[in-house]
Amino acid sequence: MPAPERIPSRGLTDTELITLLGKGQLTVLGQVRGASNAVLYCSVAYEGEEAHCVYKPVSGEQPLWDFPDGTLAQREVAAYEVSEVTGWGLVPPTVLRDGPYGQGMCQLWIEAAPQEDGAPRLLALVEDEEPGEGWKPVALAEVGEGKTALLVHADDPRLRRLAVLDAVINNGDRKGGHLLPAPDGRLYGIDHGVTFNADDKLRTLLWGWAGEPLPAEAVEVLDRLAAELAPGGVLLTRLGELITAAEIEALRARVAGLRSTGLHREPSGEWPAIPWPPV
């Protein structure tokens, strides 16, 4: 797929972007190759505004035995809804809508800042046994010829927020390629189709804070989520349209567990803790 031309859209509020994504005319421009499900690169236009977006039609989803209910598209939207309640804005504006190939997820396209433009490194492999200053260890990784290196991620508050969000939504696939640092300094997480399972599925590269106390802002966010997931909560009502009752109860339990321990999640030992491939 050719490199996208820049279409002005960042001057819009998130509410305006949601309207654009939900009501605009979708035009398919190409396909994102290498994905396990159909991922279409599109433009979307509405009332004089235009943006690029990703459209993932439900008709292009591969069935998953451990996610038999609902659709991946619905889970992507549910992840956005939870992210919005946190106030951290970690997931690009995302809607569920009809498109050229039927109902699907439509999400604002985020053009990641190139490394040469000064975007901070988020992940690295180092030969030392301990990470350097400003880095958190994840695991040893095989790098060929019997050699290993230490996989590390940046001790970055934006990544830390994402680690909390992933623990809440039970993200089963937080890879390095799903981290998009934007030119404006924001960090986005994408690809949230395998989330909200009622069973523990957390797989992520962001284990560097495992077992450490949650920062104060995360505790406040968890309190807010608990309130929004209580009967009558707006988030509870919205999620009821997207995921199952059992998955909502499991979501409540994860939020309650994090609030009770006050600690970042640790690997359960019952499920591979790191996604493969990691990027």
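Residues numbered from 1 in each chain as written. Predicted model: local features only at pLDDT ≥ 70, side-chain atom pairs only at ≥ 80, totals over all residues. Heavy atoms only, no water.

*Asks:* Which residues make up the overall build of the protein, and what values do they have?
*Replies:* Secondary structure assignment for the protein yields 6 helices and 10 strands. Against the compact-globule benchmark of 19 Å for 279 residues, the protein has a radius of gyration of 19 Å, which places it among compact chains. Residues classed as buried in the protein amount to 47% of the 279 residues present. Taking all contacts inside the protein whose residues are at least 6 apart in sequence as the whole, residues at least 24 apart take part in 66%. (Helix = DSSP H or I, 4+ residues; strand = E, 2+ residues; numbered from the N terminus. Rg over C-alpha atoms; globule rule 2.2 N^0.38 Å. Buried < 20%, exposed > 50% of the residue type's maximum accessible area, 1.4 Å probe, protein only. Contact = heavy atoms within 4.5 Å.)

*Asks:* If you had to explain unusual backbone geometry to someone new, which residues and values would you point to?
*Replies:* One non-glycine residue, N170, lies in the positive phi region at around 60°. Considering the arrangement of structural elements, one finds N170 in the loop between α3 (157-169) and β9 (179-181). The exposure class of N170 is buried, given its relative accessible area of 2%. Unlike most non-glycine residues, D191 shows phi in positive territory, near 65°. With respect to the helices and strands, the residue D191 is situated in the loop between β10 (187-189) and α4 (216-228).

*Asks:* Just give me the short version of the pairing of strand β3 (residues 49-57), but keep the residues and values in it.
*Replies:* Counting buried positions along β3 yields 7 of 9 residues, so the element is predominantly enclosed. Direction of pairing for strand β2 (residues 40-46) relative to β3: antiparallel, over a ladder of 7 bridges. Counterpart to Y41 in the pairing with β3 is V54. Remark: 2 residues form the turn of the hairpin made by β2 and β3, two consecutive strands paired antiparallel; E47 in that turn has positive phi of roughly 50°. Two elements, β3 and strand β5 (residues 102-108), share 5 bridges in a ladder whose sense is antiparallel. From the neighbouring strand, V54 faces β5, where its bridge partner is Q107. (Pairing = 2+ DSSP bridges.)

*Asks:* An account of the confidence of the model for the protein is needed here, citing residue identities and associated values.
*Replies:* Mean pLDDT over the protein stands at 91; residues scoring 70 or higher make up 92%. Confidence over residues 1-8 falls short of pLDDT 50; this stretch has 17 contacts with residues more than four positions distant or in other chains. (pLDDT = per-residue confidence, 0-100.)

*Asks:* Provide a residue-level description of the packing of helix α2 (residues 72-86) against α3, including the pertinent values.
*Replies:* Two numbers describe how α2 lies on α3: the axes approach to 11 Å, and their chain directions differ by 125°. For the element pair α2 / α3, the angle class is oblique. In terms of crossing hand, the pair formed by α2 and α3 is right-handed. Together, A79, V82 and S83 of α2 and L165, V168 and I169 of α3 make up the contact between the two elements. For the contact of α2 with α3, the residue count by class is 5 nonpolar, 1 polar and no charged. (Axes fitted to C-alpha atoms, helices over the stretch in contact; angles between N-to-C directions. Parallel < 35°, antiparallel > 145°, perpendicular 65-115°, else oblique. Left-handed = near helix turned anticlockwise from the far one by under 90°. Nonpolar A, V, L, I, M, F, W, Y, C, P; charged D, E, K, R; others polar.)

*Asks:* How would you explain the nonpolar core if you had to name every residue and give the values?
*Replies:* In this structure, V82, L159, V168, F196, L225 and L239 are the most contacted members of the largest nonpolar core, which totals 46 residues. Counting only elements with at least two residues in this core, the list comes to α2, β8 (147-154), α3, α4, α5 (234-239) and α6 (245-261). Of all the elements, α3 adds the most residues to this core, at 8 residues. Among residues more than four places away in sequence, those in contact with L159 are L122, H153, A154, L179, L187, L206 and W209. Grouped together as the second largest cluster of nonpolar side chains are 19 residues, L12, L26, Y55 and Y188 included. (Core = buried A, V, L, I, M, F, W, Y, C linked by side-chain atoms within 4.5 Å.)

*Asks:* Tell me what's going on with the pairing of strand β4 (residues 94-99), and back it up with residues and numbers.
*Replies:* For a regular strand, side chains alternate in direction, first toward one face of the sheet and then toward the other. Looking at chain direction, β4 and β5 are connected through 6 bridges and run antiparallel. Directly across from R97, in β5, lies its bridge partner G104. Counting the residues in the hairpin turn of β4 and β5 gives 2 residues.

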